[in-house]
Amino acid sequence: MKRFIILTAAALLLIPAAFAQEQETPKMDKRNLVVKEWNTDAKGNRKVLDHVTTFNAEGKKVEEIEYTTDGQKWRKRFEYDQNGKVSRELVYDYRNRLQTYKKFEFNELGKKKIQYTYNAKGKLIGIKQYEYIAQ
């Protein structure tokens, strides 16, 4: 009986800890979201656009643009396959001319397996393989 009381008391003490671990920080709803990043000087007088990230109606990143004080530095567009994974990433220069694009293959767990990089004319210029090692 004494053992039962001790086990019951221990279980009651662990229940609040289990609920505390389940609570996560709420995630931002990224559907149709545009995130603008601004740089300012130390006095806060000059505000310059640095980066813009755009998400679609499903909350997937579809475009990313980085700026300099002179204007656009580069732009990336993201395309997705039927499984919701990034299938292509297209990189454009400051004049919106295609520079490179990447295609991706995924493993059975949905993680990147291989990345193929092509120039604007479609010539393969690099391959990156991903390896996942749990320790």
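To keep things clear, this report deals only with the structure shown in the data block.

The rules behind these values
Residues numbered from 1 in each chain as written. Predicted model: local features only at pLDDT ≥ 70, side-chain atom pairs only at ≥ 80, totals over all residues. Heavy atoms only, no water. Helix = DSSP H or I, 4+ residues; strand = E, 2+ residues; numbered from the N terminus. Buried < 20%, exposed > 50% of the residue type's maximum accessible area, 1.4 Å probe, protein only. Contact = heavy atoms within 4.5 Å. Areas by Shrake-Rupley, 256 points an atom, 1.4 Å probe, with all protein chains shown as cover. Polar contact = N/O pair within 3.5 Å; in protein donor to acceptor, adjacent residues only side chain to side chain. Phe/Tyr/Trp six-rings, centres within 6.5 Å; stacked < 30°, edge-to-face > 60°. Lys NZ or Arg CZ within 6 Å of the ring centre and 35° of its normal. Pairing = 2+ DSSP bridges. Axes fitted to C-alpha atoms, helices over the stretch in contact; angles between N-to-C directions.

Counting its secondary structure elements, the protein contains one helix and eight strands. Shown N-terminal to C-terminal, the secondary structure of the protein runs as helices and strands in the order α-β-β-β-β-β-β-β-β. For the protein, the proportion of its 135 residues judged to be buried stands at 21%. Pairs at least 24 residues apart make up 7% of the contacts formed inside the protein by residues separated by at least 6 positions. Just so you have it, the protein exposes about 10,800 Å², and 52% of that area is on carbon and sulfur atoms.

Mapping D93 onto the fold places it in the loop between β5 (86-92) and β6 (98-106). Spatially, the C-alpha atoms of D93 and I65 are 10.0 Å apart, while their sequence positions differ by 28 residues. At 2.9 Å, the side chain of D93 forms a polar contact with the backbone nitrogen of R97. Among the polar contacts made by the side chain of D93, one reaches the side chain of Q99 at a distance of 3.2 Å.

What follows is about the packing of aromatic side chains. By the definition in use, this model includes one aromatic pair. Taking the centre distance of 5.0 Å and the plane angle of 15° together, the rings of Y101 and Y118 count as stacked. With Y101 in strand β6 and Y118 in strand β7 (residues 112-119), this residue pair connects regions lying 17 residues apart in the sequence. For the pair formed by Y101 and Y118, the shared burial category is buried. One Lys or Arg, K103, reaches over the ring of Y118 and ends 5.7 Å from the middle of that ring.

Residues other than glycine seldom take positive phi values, yet N32 does so here, at roughly 55°. You can see N32 is positioned in the loop between α1 (2-22) and β1 (34-40). At N96, a residue that is not glycine, the phi angle is positive and equals roughly 65°. Mapped onto the secondary structure, N96 falls in the loop between β5 and β6.

Further remarks concern the sheet that holds β6. Pairing between sheet strands relies on hydrogen bonds along the backbone, with the strands arranged either parallel or antiparallel. If you trace the eight strands from one edge of the open sheet to the other, you get β1-β2-β3-β4-β5-β6-β7-β8, paired in antiparallel fashion. Edge positions in the sheet fall to β1 and β8 (124-129), since each of these pairs with one other strand and no more. Across the sheet, the mean angle from the axis of one strand to that of its neighbour is 15°, orientation sign disregarded.

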